[in-house]
Amino acid sequence: MSIAHDPRPLTGEPLALDLLNTRWNREGVTQDLLDGTEGLAVWLASNGLAGDHAADAEVLEHLREAREALKAAVDGTPAQAAPLMDAVLEHGRIRVRLTPDGPAEEPEFADPSWGPAWLAARNYLELITRAPERIRTCAGGTCILHFLDTSRNGTRRWCSMAACGNRAKASRHYARSKEN
């Protein structure tokens, strides 16, 4: 089976934010990559998870639950998000062990269908431990994408300078030209 092209305008973000970005706006209409198992297969492949996890209805359901928990965590309040995130995180754990190469941490799941959802939730915990202030929602008017601001001075505002950033600059230029 060949995997379809990933249609999303922003990919390559950390796993938690990439899961949030499975919803995006195109010409005023919200698109959803996770509207079926075909889109799930695309997302798993895009994140290097396709070999370890099946693109089936159960994985899809768990990922949608994790996406809602992440949305509450990023856009809501900690009080709202904590029980939702905990409900996803309770399905896995980190197993610490010593290998010939040194210490290793491996995720373990009682039910493997929770794997991708748990990994995304766990990634969010890592992001908020390292740099919570760098998790951003695009400042583009109707854009709903999220990104990790990796700019040196931490002032990135748009998911993409080529798309949302350019639209904002063009809009400001048009407004200034109308004033003159």
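In what follows, the structure referred to is the one given above.
Cut-offs applied
Residues numbered from 1 in each chain as written. Predicted model: local features only at pLDDT ≥ 70, side-chain atom pairs only at ≥ 80, totals over all residues. Heavy atoms only, no water. Helix = DSSP H or I, 4+ residues; strand = E, 2+ residues; numbered from the N terminus. Buried < 20%, exposed > 50% of the residue type's maximum accessible area, 1.4 Å probe, protein only. Contact = heavy atoms within 4.5 Å. Areas by Shrake-Rupley, 256 points an atom, 1.4 Å probe, with all protein chains shown as cover. Disulfide = S-S within 2.5 Å. Pairing = 2+ DSSP bridges.

Asker: Which parts of the structure should I look at to understand the overall build of the chain?
Answerer: Helix and strand content of the chain: six helices and six strands. Across the 180 residues in the chain, those meeting the buried criterion constitute 40%. If you take every contact in the chain between residues at least 6 apart in sequence, the share linking residues at least 24 apart comes to 47%. Total accessible area computed for the chain in this model is approximately 10,400 Å², and 51% of it derives from carbon and sulfur atoms.

Asker: Sorry, what's going on with the state of the cysteines here?
Answerer: A covalent bond between the sulfur atoms of two cysteines is what we call a disulfide. One pass over the full model with this rule turns up zero disulfides. Cysteine Cys159 is unpaired, with the sulfur of Cys164 as its nearest cysteine sulfur at 3.8 Å. The thiol of Cys164 is not disulfide-bonded; the next cysteine sulfur, from Cys138, is found 3.7 Å away.

Asker: Help me understand the pairing of strand S4 (residues 102–109) in this model?
Answerer: Here is the key point about a regular strand: its side chains alternate between the two faces of the sheet. Taken together, the eight bridges between strand S3 (residues 92–99) and S4 define a ladder with antiparallel strand orientation. Looking at the pairing, Arg97 lines up with Ala104 of S4. A loop of two residues connects S3 with S4, the two strands running antiparallel in sequence.

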